[in-house]
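Tertiary structure, described
What follows is the residue order along each chain.
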Amino acid sequence: MKKYLANGITMVRIVLAPVLFFFHSITDAFIVIYLICAVSDFLDGPVARITHSSSHMGALLDTIGDFLMYGSMMKVMIASGAVPLWTILWLAGALLIHLAAAFICWHRFGRFYLNHALSSKLMGAAFFITPFSVRFGVDLFHLTITCIISSISAVEAVMIQLKANSAGTDILSLIGMLKRNPACKPNSQSGKQALEAAE
């Protein structure tokens, strides 16, 4: 039972995130569902580690849940008309680059996985605050900072997936990865062999 708990928590986000897509503005109901999704995003990783149930399937579900949650959030911000178009395009571009990074990982290592580097966690925190910023009055300073963080995070995500020797889930930053293994270079065969050995 314990080994399915983390994935169950992630599934809450996967089920509820698409519901957010059908909102046309950031209402109180939207905020409640969004908070439940956010709690799911916060808890699934720690629960997986505590119960020793981390898995490639869990990482895949977490990635899907993240894209559904933030993609739905972007759609509602567009529908609300409360956010400047340039911020929508900027943030959408960052999300697409992160999606490209996940596809790079899938192409090189056979795993569709979004690396949770520190910059990605910082981006997630900035994204999390965004609906509240819009709901209680658009804060252009916060939106600008979120756009900048998202850009840095997206570029780092792509670089990590291009340089990593395996689809490891413990890469916290590009610099840290290169320091730990200066010889990091694209090598899809060795990456796949490492994953097979780990399994």
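Residues numbered from 1 in each chain as written. Predicted model: local features only at pLDDT ≥ 70, side-chain atom pairs only at ≥ 80, totals over all residues. Heavy atoms only, no water.

1. Side note on the pattern of salt bridges
Counted by the stated rule, this structure contains 4 salt bridges. Taken together, the salt bridges that share partners define one network made up of Arg13, Asp41, Asp44, Asp62 and Asp66. (Salt bridge = Lys/Arg side-chain N within 4 Å of Asp/Glu carboxyl O.)

2. Considerations on the packing of aromatic side chains
Within this structure, the stated rule accounts for 10 aromatic pairs. Where Phe30 meets Tyr34, the ring centres are 5.7 Å apart and the plane angle is 15 degrees; that geometry is what we call stacked. On the criterion of helical spacing, the pair formed by Phe30 and Tyr34 is a turn pair, its members being 4 residues apart in helix α2 (residues 28-50). Each member of the pair, Phe30 as well as Tyr34, carries the same accessibility label: buried. Judged by centre distance (5.2 Å) and plane angle (75 degrees), the rings of Tyr70 and Phe127 are edge-to-face. Of this pair, Tyr70 sits in helix α3 (residues 56-80) while Phe127 sits in helix α5 (residues 118-135); the two residues are 57 residues apart in sequence, bridging distant segments of the chain. Here Tyr70 matches Phe127 in class, with each residue buried. (Phe/Tyr/Trp six-rings, centres within 6.5 Å; stacked < 30°, edge-to-face > 60°. Helix = DSSP H or I, 4+ residues; strand = E, 2+ residues; numbered from the N terminus. Buried < 20%, exposed > 50% of the residue type's maximum accessible area, 1.4 Å probe, protein only.)

3. Description of α2
In a regular helix each residue adds 1.5 Å, so 23 residues correspond to 33 Å; α2 covers 33 Å between its end C-alpha atoms and thus fits that length. At Leu43, α2 shows its largest bend, some 30 degrees, and a proline, Pro46, comes one to four positions later. Listing the buried residues of α2 in full gives Phe30, Ile31, Ile33, Tyr34, Cys37, Ala38, Ser40, Asp44, Val47 and Ala48. Following α2 by one or two positions, His52 adopts a phi angle in the positive range, close to 55 degrees. (Expected span 1.5 Å × (residues − 1). Bend = angle between axes of the 7 residues up to and from the residue.)

4. Overview of the side chain of Ser53
By the element assignment, Ser53 lies in the loop between α2 and α3. Residue class for Ser53 comes out buried when judged on its relative accessible area of 11%. Engagement of the side chain of Ser53 in a polar contact is seen with the side chain of Thr51, the distance being 2.7 Å. Among all residues touching Ser53, those that are not within four sequence positions of it are Lys2, Lys3, Ala6, Val47 and Ala48. (Polar contact = N/O pair within 3.5 Å; in protein donor to acceptor, adjacent residues only side chain to side chain. Contact = heavy atoms within 4.5 Å.)

5. Here's the deal with a nonpolar patch on the surface
A cluster of nonpolar side chains, Trp86, Trp90, Leu140, Phe141, Ile145, Ile148 and Ile152, forms an exposed patch at the surface whose accessible area comes to about 700 Å². Of all the elements in the fold, those that place two or more residues in the nonpolar patch are α4 (85-109) and α6 (140-163). For the nonpolar patch, the element with the most residues is α6, which contributes 5 residues. Within the fold, Ile152 resides in helix α6. Looking at Ile152, the relative accessible area reads 54%, which means it is exposed. (Patch = residues over 30% accessible without salt bridge, like charges linked within 9 Å, V, L, I, M, F, W, Y side chains within 5 Å. Areas by Shrake-Rupley, 256 points an atom, 1.4 Å probe, with all protein chains shown as cover.)

6. Considering the packing of α2 against α5
Two quantities define a packed helix pair, namely the angle between the helix axes and the distance between the axes. The contact between α2 and α5 brings their axes to 11 Å, and the two run at 170 degrees. Considering the angle they form, α2 stands roughly antiparallel to α5. The residues of α5 that touch α2, namely those facing Asp28, Phe30, Ile31, Tyr34, Leu35 and Ala38, are Phe127, Phe128, Pro131, Phe132 and Arg135. A breakdown of the residues in the contact of α2 with α5 according to their chemical character gives 9 nonpolar, no polar and 2 charged. (Axes fitted to C-alpha atoms, helices over the stretch in contact; angles between N-to-C directions. Parallel < 35°, antiparallel > 145°, perpendicular 65-115°, else oblique. Nonpolar A, V, L, I, M, F, W, Y, C, P; charged D, E, K, R; others polar.)

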